[in-house]
Amino acid sequence: MKTAIVTGAGGYIGYRLCQYLSEQGVKVSAITMDRNLDLEKLKGVTVYINPEPSFLNFQKQLSQNHADVLYHLAWCGVKSDEKNSEFVQCKNIDLCLSAMQLAKEIKCERIVVPGSAAEYAYCGEIITGYNVAAPGDFYAAAKAAAHILCQQYAVQNELSLNWLIVGSVYGPGREDGNLISYTIKSLLSGDVPVFTKLEQKWDYLYIQDLLQALYLVGVRGVSGKTYPIGFGEARPLYWYVKTIRDLIDPSLTMEIGKLPYKNGKCPDHSVLDIRDLQKDTGFSPQVSFIDGIAKTIEYYRTLVTRRGALQAHETLSQRPK
């Protein structure tokens, strides 16, 4: 891979993917909704500002530069309080098809789109990428709908598409109300986090391992294949939150089992079969949960300390003189 396009380049994963590709010597066209100074500093990265829900505005500019891979990461409504907004989530389906149209018009060789393990939340099986979709909210339903439509568009237009079933990603800087950030921030702030019984098994993947997987699929992925992406090891959610608590302070209190499950029943396990990904691309996750979560906790600990110092400074500056 020598050139790539990344939509959603200002997001948590998008920015880090641009950075990773830049480090591999890949020239990147980064499409983002707002200006991002960090993106603009990356070597070999050209930034395009796109406030509209379409990518065809850049067809002329991007067609002048051959793109080996288009990574479509742009997705609205990823925060917990927006995942059941049908209006927000349905817009993402059109956005996915717009990315497919752009790839067709500029003759991009491969399209890589990260979907979500949430597409199969209630399928009752190990996720292989070929299960029957069983989403649990509008976010997951929109991902599943986009998955089917993008695959059909790729077949009809002879495009090379790899749809990725991504498990739960964590790491420094992710702050969208997910289980990991909620647990860490609550414990570091002295609050008592409250949970369901957390019996379902999930597969957590550190951000740097996800970037490796995205790159490898862009280079070696088999055309048309759907790849689940995870660490390859699933544990009950309560194991993850207890591990976080023990690394911060084993004496801290958590309330596991106080909240009811959504829809009154335990969500299905998010267990991913990554053998095809490993066989086809050579993917091998490097960061264990213990090591990755230690780095993530340290990030949030530094953040809490800085915010506390800033608040103390502001309080002192507001005192009468």
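Read on for an overview of the structure. Keep in mind it's a predicted model, so treat the numbers as computed, not measured. Every chain begins its residue count from 1, and numbering advances along the sequence as written. In keeping with the model being predicted, local features are shown solely for residues with a pLDDT of at least 70 and side-chain atom pairs are shown and tallied solely at 80 or more, while totals for entire chains, interfaces and linings include all residues. Excluded from the side-chain calculation are hydrogens and water; included are all heavy atoms of the structure.

Details of the overall build of the protein chain
What counts here: Secondary structure elements follow DSSP: runs of H or I of four or more residues count as helices, runs of E of two or more count as strands, with numbering from the N terminus. Both definitions apply: the radius of gyration is a C-alpha atom measure, and the globule rule equals 2.2 Å times residues to the power 0.38. Only the protein chains shown count as cover for residues, and the accessible areas themselves come from Shrake-Rupley with a 1.4 Å probe. The sign given to each residue is positive for Lys and Arg and negative for Asp and Glu; His and the chain ends receive no count. Charged groups are reduced to one reference atom each: NZ for lysine, CZ for arginine, CG for aspartic acid, CD for glutamic acid.
If you tally the helices and strands in the protein chain, you get ten helices and 13 strands. Computed over its C-alpha atoms, the radius of gyration of the protein chain comes to 20 Å, within 12% of the 20 Å expected for a compact globule of 321 residues. Counting only carbon and sulfur atoms, one obtains 51% of the accessible surface of the protein chain, whose full area is about 15700 Å². Across the protein chain, the 34 positively charged side chains and the 33 negatively charged ones have centroids separated by 4 Å.

Description of the packing of aromatic side chains
What counts, and what does not: Within 6.5 Å between ring centres, the rings of Phe, Tyr and Trp (the latter by its six-membered ring) count as paired, and their orientation is classed by plane angle as stacked under 30 degrees, edge-to-face over 60, tilted in between. Between buried and exposed lies partly exposed: a residue is buried under 20% and exposed over 50% of the maximum accessible area for its type, with that area taken using a 1.4 Å probe on protein chains only. Whether a charge sits over a ring comes down to the Lys NZ or Arg CZ being within 6 Å of the ring centre and within 35 degrees of the ring normal.
Inspection of every chain in the model, using the stated rule, returns 13 aromatic pairs. An angle of 75° between the planes, with centres 6.2 Å apart, marks the rings of Tyr170 and Tyr204 as edge-to-face. One end of the pair, Tyr170, is in strand β7 (residues 168–170); the other, Tyr204, is in strand β10 (residues 204–206), and 34 residues separate them in sequence. Here Tyr170 falls in the buried class, since its relative accessible area comes to 1%. Judged by centre distance (6.1 Å) and plane angle (50°), the ring pair of Tyr204 and Phe289 falls under tilted. With Tyr204 in strand β10 and Phe289 in helix α10 (residues 289–317), this residue pair connects regions lying 85 residues apart in the sequence. Residue classification places Phe289 among the buried positions, given a relative accessible area of 10%. Taken together, Tyr170, Trp202, Tyr204, Tyr206, Trp239, Tyr240 and Phe289 form an aromatic cluster joined through their ring pairs. One cation-aromatic arrangement involves Arg235 over Trp239; the distance from NZ or CZ to the ring centre is 4.1 Å.

A few points about the side chain of Ser186
Note the threshold: The contact definition used throughout considers only heavy atoms, calling two residues in contact when any of these lie within 4.5 Å.
In this structure, Ser186 sits in helix α6 (residues 179–188). The class for Ser186 is buried, based on a relative accessible area of 8%. Excluding its chain neighbours within four sequence positions, the residues that come into contact with Ser186 are Asp191 and Pro193.

Examining the nonpolar core
For clarity, the threshold we go by: The criterion is simple. A nonpolar core is a set of buried Ala, Val, Leu, Ile, Met, Phe, Trp, Tyr and Cys residues joined through side-chain atoms within 4.5 Å.
Ranked by size, the top nonpolar core spans 94 residues in total, and within it Leu21, Tyr71, Ile184 and Ile244 carry the most contacts. Per-element tally for this core: the top contributor is helix α7 (residues 207–220), with eight residues. Ignoring sequence-local partners within four residues, the contact set of Ile184 consists of Ile244, Ile248, Ile293, Thr296, Ile297 and Tyr300.

A closer look at unusual backbone geometry
You will see that Lys107, though not glycine, has its phi angle at about 60°, which is positive. When you line up the elements, Lys107 lands in the loop between α4 (86–105) and β5 (110–114). We classify Lys107 as exposed; its relative accessible area is 65%.

Structural notes on the environment of Lys143
Checked against the element boundaries, Lys143 lands in helix α5 (residues 138–156). Along the primary structure Lys143 and Ala117 are separated by 26 residues, whereas in three dimensions their C-alpha atoms are 9.5 Å apart. Apart from the residues within four sequence positions on either side, Lys143 is in contact with Trp75, Pro114, Gly115, Ser116, Glu119 and Trp163.

Looking at the pattern of salt bridges
Operational definition: Between Lys or Arg on one side and Asp or Glu on the other, a salt bridge is scored when a side-chain nitrogen of the former is within 4 Å of a carboxyl oxygen of the latter.
Tallied over the full model, the rule gives ten salt bridges. Taking the shortest distance from any N to any O, the salt bridge between Arg275 and Asp273 comes out at 2.9 Å. Bridged by salt links that share partners, the residues Lys225, Asp276, Lys279 and Asp280 form one connected network.

By themselves these figures say nothing about function.
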